[in-house]
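# A closer look at the structure
One-letter residues, chain by chain:
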Amino acid sequence: MGVTVLQQFPVPENKTGTYVIEMLSKRILALGATQQGQFLVDCESYLSHPQMGTTKTVHILHNSEQPASVFSILESGNKNIHVIADGLFDLFMIKLSQHYTSKKQTKIESKGPRFELGDFCIKLGSVTMNQSFKGILIEVEYRPCVTANAVWGLLREFLQGLLGSSTVIQPPQHLKNRMSEIYTPIDTVHQYLELFSAYRKTTALRVQ
Amino acid sequence: MNPSINVEQLNSALTSLRTLRSSVSQVFEALSNGLRADHGEDGKEKFLLELQELLNNVNINLRDLEQTTNGLPIPTGSFNLGNTTYLSQETTQDRQALYTQLVNSYKWTDKVHEYSSFAHSILSQNSLRRSYANSGSTKRRGKLQSNHNVPPGQVDNVINTIDRSYTDMKITISRPYASNAVVQISLGHVLKAVVAFKGLLMEWVMVKGYGETLDLWNESRHNVFRKVTENAHAAMLHFYSPTLPELAVRSFMTWLHSYVNLFSEACKRCGCHLHHTSLLPPAWRDFRTLEPFHDECKQ
Ligand SMILES: [Zn+2]
């Protein structure tokens, strides 16, 4: 897999999320892209019971790009520990319900159309939590390259071409210390978790 | 229609072309079948005789073709559609499609004409020095040995020396097909390539991405590496030198090494990473300066 950048796209004051997704889809199709189905990334977070000591949070994420995997990230102080497992891990979490309770009301997901354009893969996601619309996330993957520092300039150029040259594009927080390492699917999941966590802290936006 | 074109002449030229092609494929068929039972006791000699016979046929057919084509008038420019343009006014339903077909084949012949005139001017410069025929003075030719037939140890030496001169390019040699080397190159975290050698001469290159499995025949799934493969073939021909094969290999490897910045360096001409129509990074490297360019920007 290649290097992926996840970017927030601001929804203009008097526009809906659906409108923005449609506008961006048109722009991407005009560049010669083909739509290749839909995608979905979701995240559910669990809190450990107080009697287990300090409360810990476990985030469980699924990404339709890796349909056979379940990604779990345990927040432990300043460090995050991740485990990649197969689909059975979801059942395992149910078994653990005595020790970890789901914060159902914060279940959050990003879904929408998926496009392929040359060696790029572009996903336009509407983020919803508890059926309320939170914002738009654009995921761009450049598949031939495996290290972020080599391809960063190219990705920024592509994103600015797509979103307007005035858009400021910074490497995602998660990638900043890993720019020269080989990119793997968990790096995409970390980026989603970062932005999902930020959305959870904001109050709901307008209707979708 | 152009009155100077004689259809019969054209037909006989096409027929002799077909005969030539089939006689060439007979040569390859006989070669690939090798010795057969019906060659009998001293099969080797009979086989060689048979091959010689077939090659003679090829020669005869080639001469025939040359003769018939020499008789053909050279089309001076594009063809005139003449009366056939009235086909556009055809009212019978089952003939209405004819006009589009006509236009398409017209466009096609026009393109063939254009391409063949380009090809002619390039080939007449003989810029691809694939044979010994005009490789310098007869004096030097006396000392030449065949570079198709170099002992494996010597090939290993040349390649290992190149390998040692780079820290970010790893070259490994294997010999899956008898004595000829197949060389795998991995260049940083950027790309992998496989080069098939015949003696010290490079015969085939395939370039793929870092995470892809490498083999000689399957193309990369990424557009950019398919483009680099295409350009690597051009480079292989450009650096080709029957008299100095070692230099050719070294020049090619130096050129390939310059792809270490394939994704990070912008095009020297337009200053962009991605070309606005192909959406590819600069996948061409200048043979002399090794500077990156988009295919579309290289001239
Ligand atoms: Zn350019």
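The rules behind the values
- Every chain is numbered independently, its residues counted from 1 as its sequence is written.
- Lettering of chains starts at A and numbering of ligands starts at 1, both following the order in which they are written.
- The predicted origin of the model limits local features to residues at a pLDDT of at least 70 and limits the giving and counting of side-chain atom pairs to 80 or more, whereas totals for whole chains, interfaces and linings rest on all residues.
- Only hydrogens and water are removed before side-chain values are computed, so all heavy atoms of the structure are retained for them.
- Residue exposure (1.4 Å probe, protein chains only): buried if accessible area is under 20% of the type maximum, exposed if over 50%, otherwise partly exposed.
- Helix and strand definitions follow DSSP, with helices as H or I runs of at least four residues and strands as E runs of at least two, each counted in order from the N terminus.
- Two strands pair if DSSP finds at least two bridges between them.
- Note on terminology: a nonpolar core comprises buried Ala, Val, Leu, Ile, Met, Phe, Trp, Tyr and Cys residues joined through side-chain atoms within 4.5 Å.
- Working rule for contacts: check all heavy atoms of both residues, and any pair within 4.5 Å makes them a contact.
- Whenever Lys or Arg places a side-chain nitrogen within 4 Å of a carboxyl oxygen from Asp or Glu, that contact is recorded as a salt bridge.
- Positive charges come from Lys and Arg alone, negative charges from Asp and Glu alone, with His and the N- and C-terminal ends not counted.
- Any pair of nitrogen or oxygen atoms within 3.5 Å is treated as a polar contact; in protein, a donor-acceptor pairing is required on top of that, and neighbouring residues in sequence qualify only through side-chain atoms on both sides.
- Donor criterion used throughout: N, O or S atom within 2.8 Å of the metal, extended to 3.2 Å for Na, K and Ca. Water excluded; incomplete-looking sites may result.
- As used here, buried area is the combined drop in accessible area, with a 1.4 Å probe, of two parts when they are placed together.
- Residue polarity follows a fixed list, in which Ala, Val, Leu, Ile, Met, Phe, Trp, Tyr, Cys and Pro are nonpolar, Asp, Glu, Lys and Arg are charged, and the others, Gly among them, are polar.
- Annotation comment: domain bounds sourced from an automatic or database domain assignment.

All names here are of chain B. Of all 8 residues that make up strand β3 (residues 191-198), 7 are buried, and the element is covered over most of its length. The pairing of strand β2 (residues 180-187) with β3 spans 6 bridges and is classified as antiparallel. The residue bridging Leu187 from the neighbouring strand is Leu191, located in β3. The antiparallel hairpin formed by β2 and β3 contains 3 residues in its connecting segment, where Gly188 sits at a positive phi of about 50°. One ladder, built from 8 bridges, connects β3 with strand β4 (residues 201-209); its direction is antiparallel. The residue bridging Lys198 from the neighbouring strand is Leu201, located in β4. Counting the residues in the hairpin turn of β3 and β4 gives 2 residues, including Gly199, whose phi is positive at 65°.

One finds A:Ile122, A:Ile138, A:Tyr142, A:Phe158, B:Ile185, B:Phe252 and B:Phe263 to be the most contacted residues of the largest nonpolar core, which totals 74 residues. Looking at which element gives the most residues to this core, the answer is helix α3 (residues 148-163) of chain A, with 10 residues. The contacts of B:Phe252, once residues within four sequence positions are left out, are B:Val195, B:Met202, B:Val205, B:Ala232, B:Ala235, B:Met236 and B:Phe239. Counting 18 residues, the second largest nonpolar core, distinct from the first, contains A:Phe39, A:Cys43, A:Ile73 and A:Val127.

Now for the pattern of salt bridges. Pairs can form between side chains of opposite charge whenever their charged atoms are close. One pass over the structure, following the stated rule, counts 15 salt bridges over all chains. For B:Arg250, the salt bridge identified is with B:Glu246, shortest N-O distance 3.5 Å. Here B:Arg250 pairs with B:Glu246, and both are found in helix α7 (residues 245-257), just 4 residues apart, close to one helical turn. Between B:Glu265 and B:Lys268 there is a salt bridge, with its nearest N and O atoms 3.9 Å apart. Each of the salt bridges in this network shares a partner with another, and the network as a whole consists of A:Glu65, A:Arg114, A:Glu116, A:Lys123, A:Glu139 and A:Arg143.

Here the focus is the side chain of A:Arg200. All names here are of chain A. With respect to the element layout, Arg200 can be found in helix α4 (residues 185-201). It turns out Arg200 is buried and unbridged, and the closest side chain with the opposite charge, Glu75, is 7.1 Å from it. Engagement of the side chain of Arg200 in a polar contact is seen with the side chain of Ser45, the distance being 2.8 Å. Excluding its chain neighbours within four sequence positions, the residues that come into contact with Arg200 are Cys43, Glu44, Ser45, His59, Thr106, Ile108 and Met129.

Residue and element names in this part refer to chain B. The zinc ion binds to the protein through Cys267 (SG), Cys270 (SG), His294 (ND1) and Cys297 (SG); the donor distances cover 2.1 to 2.3 Å. Read in sequence order, the donor residues coordinating the zinc ion give the pattern C-x2-C-x23-H-x2-C. You can see Cys270 sitting in the loop between α7 and β5 (284-285) and its partner His294 sitting in the segment after β6 (292-293), a full 24 residues away along the chain. For Cys270, a relative accessible area of 35% gives the class partly exposed. In this structure His294 comes out as buried when scored by relative accessible area, which is 1%.

Another aspect to go through is the interface of chain B and chain A. At the interface, 14 residues of chain B touch 17 residues of chain A. Buried surface at the junction of chain B and chain A, summed over both partners, amounts to about 1400 Å²; 65% is from carbon and sulfur atoms. Contact with chain A buries area across many residues of chain B, yet B:Phe263, B:Leu274 and B:Leu279 alone supply 40% of it, more than any other trio. Where chain B meets chain A, there are 0 salt bridges. Put simply, chain B and chain A have 5 residue pairs in polar contact (both at pLDDT 80 or more) between them. A per-class count over the side of chain B that touches chain A returns 9 nonpolar, 5 polar and no charged.

All names here are of chain A. When the domains of chain A are assigned, the result is domain 1 (3-40 + 107-207) and domain 2 (43-102). Centre-to-centre separation of domain 1 and domain 2, based on C-alpha positions: 24 Å. On the domain 2 side, the residues contacting the 15 residues of domain 1 number 15 residues. Taken together, both faces of the contact between domain 1 and domain 2 bury some 1400 Å²; the carbon and sulfur share is 60%. By the criterion of area lost to domain 2, the three top residues of domain 1 are Ile186, Val189 and Leu193, representing 36% of everything that side buries. Two residues, Glu65 and Arg114, come together in a salt bridge whose shortest N-O distance is 2.9 Å. Of all the elements in the fold, those that place two or more residues in the side of domain 1 that touches domain 2 are β2 (34-48), β7 (108-117) and α4. Broken down by element, the residue count for the side of domain 1 that touches domain 2 peaks at 9 residues, all from α4. Its residues assigned to classes, the side of domain 1 that touches domain 2 comprises 9 nonpolar, 2 polar and 4 charged.

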